[in-house]
Amino acid sequence: MLPAVVVAGFGGLILGSAIVFGSVGILADMLRLGTPRDRLGVALVAALWGAPAGAFALLWLVMRAAAPDLRAIGRVMAGAAGICALVIAAVVAAYIQTTSPPPQTIYLTYEFRLPAGSEADSAENSIAAMEILVAGGLASRSGSIGPNWSRDAAGRAVISGRFWLSRRERAEAIVISRQQQAALRFTLALPADPSAMAGFAAWRPADSPAGSSDPQAAELRVRVDRVDETGLY
């Protein structure tokens with residue numbers, strides 16, 4: 001009987017801590033709360049209680065199967081395992097209640113599509129003279145990445161890039177300028193602190209000619225991404 005009790009005790013410690021550490025860690029990642037260090041910390045604290053919970057549970061099973069005359073002690077073991085499980089649940093509940101989501105950086109990714117033709121053919125040469133700005137309120141700024149260009153399957157030039165967005169200001173429009181003169185404007189009307197998008201919105205034409213002879217020839221689509229500043233999305 002003693003060897004079985006020893007094996008059950010040590011095996012329960014290892015098994016209980018491993019199961020609780022893995023399950024709480026996965027739950028913390030799914031909840032996307034706190035930093036990776038916070039998630040590791042709550043998993044470790046829960047595992048400290050998972051170890052005795054596993055040991056008490058296995059000892060209860062062993063005594064129940066091999067020593068029916070020790071049922072009273074077995075019930076004590078089961079009760080101790082239940083108390084440990086309640087402590088684990090309390091640790092997880094406290095983590096959920098007290099831990100905030102990680103701060104996020106908001107990005108607006110854009111793709112600006114030109115038709116196949118003379119302007120598209122010279123896109124690679126003229127992109128250096130093209131300024132793409134996102135306007136919000138009285139301020140405007142250029143993108144944090146890009147502009148870059150490529151071609152789609154239909155041979156149209158696609159100019160792409162990315163802006164970071166403020167949590168406090170609306171992104172009202174994207175303006176494409178050439179030689180410091182506005183050529184195209186696309187209304188966005190995004191609210192402050194916008195939600196992430198699953199994919200790109202539909203292609204949209206320019207608002208008005210604004211110096212361009214054919215505003216319908218150029219199209220824009222955008223996507224909002226939110227990226228955890230800890231590096232985990």
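Small disclaimer: the values here were computed from a predicted structure and weren't measured. (Residues numbered from 1 in each chain as written. Predicted model: local features only at pLDDT ≥ 70, side-chain atom pairs only at ≥ 80, totals over all residues. Heavy atoms only, no water.)

### Things to note about the packing of aromatic side chains
The line we're drawing: Pairing of aromatic side chains here covers Phe, Tyr and the six-membered ring of Trp, requires ring centres within 6.5 Å, and sorts the geometry by plane angle: under 30 degrees stacked, over 60 edge-to-face, intermediate tilted. Working definition: helices are DSSP H or I runs of at least four residues, strands are E runs of at least two. Numbering for both runs from the N terminus. Buried means the residue's accessible area, taken with a 1.4 Å probe over protein chains only, is under 20% of the maximum for its type, while exposed means over 50%, and partly exposed covers the values in between. In this scheme, the term charge over a ring applies when either NZ of a lysine or CZ of an arginine sits within 6 Å of the ring centre and within 35 degrees of the ring normal.
Scanning the model with the defined rule gives two aromatic pairs in all. Pairing F112 with F186 gives two aromatic rings, centres 5.9 Å apart and planes at 75 degrees, and the pair type is edge-to-face. In this pair, F112 is assigned in strand β1 (residues 104-113) and F186 in strand β7 (residues 181-190), connecting sequence segments 74 residues apart. Using a relative accessible area of 1% as the deciding quantity, one classes F112 as buried. For the cation-ring pair, R223 lies above F200, with the distance from its terminal atom to the ring centre recorded as 4.6 Å.

### Regarding the sheet that holds β1
This is how it is decided: Only when DSSP finds a minimum of two bridges between them are two strands counted as paired.
Spatial strand order, β4-β5-β1-β9-β8: five strands in an open sheet with antiparallel pairing. Each of the sheet's edge strands pairs with one partner strand only, and the pair in question is β4 (145-151) and β8 (204-205). Bridging between β8 and strand β9 (residues 219-228) involves two bridges; their strand directions are antiparallel. Bridging from a neighbouring strand, R204 pairs with L220 of β9.

### Let's talk about the pattern of salt bridges
What counts is decided by this rule: Each salt bridge in this description consists of a side-chain nitrogen of Lys or Arg and a carboxyl oxygen of Asp or Glu lying within 4 Å of one another.
The tally for this structure, following the rule as stated, stands at six salt bridges. Close ionic contact of R185 with D207 constitutes a salt bridge, the shortest N to O distance being 3.8 Å. Here the residue R185 occupies a position in strand β7, and D207 occupies one in the loop between β8 and β9, the gap between them amounting to 22 residues. Taking relative accessible area as the criterion, R185 reaches 35% and is therefore assigned partly exposed. A relative accessible area of 39% places D207 in the partly exposed class. Here D225 ties to R223 by a salt bridge, and the two come within 3.0 Å at their closest N and O atoms.

### Brief notes about the pairing of β1
With eight of its 10 residues buried, β1 lies for the most part within the structure. Pairing of β1 with β9 involves 10 bridges; the strand directions are antiparallel. Note on β9: the bridge partner recorded for L108 is V224. Looking at chain direction, β1 and strand β5 (residues 157-165) are connected through eight bridges and run antiparallel. The partner of F112 across the bridge, within β5, is I159.

Keep in mind these values describe shape, not function.
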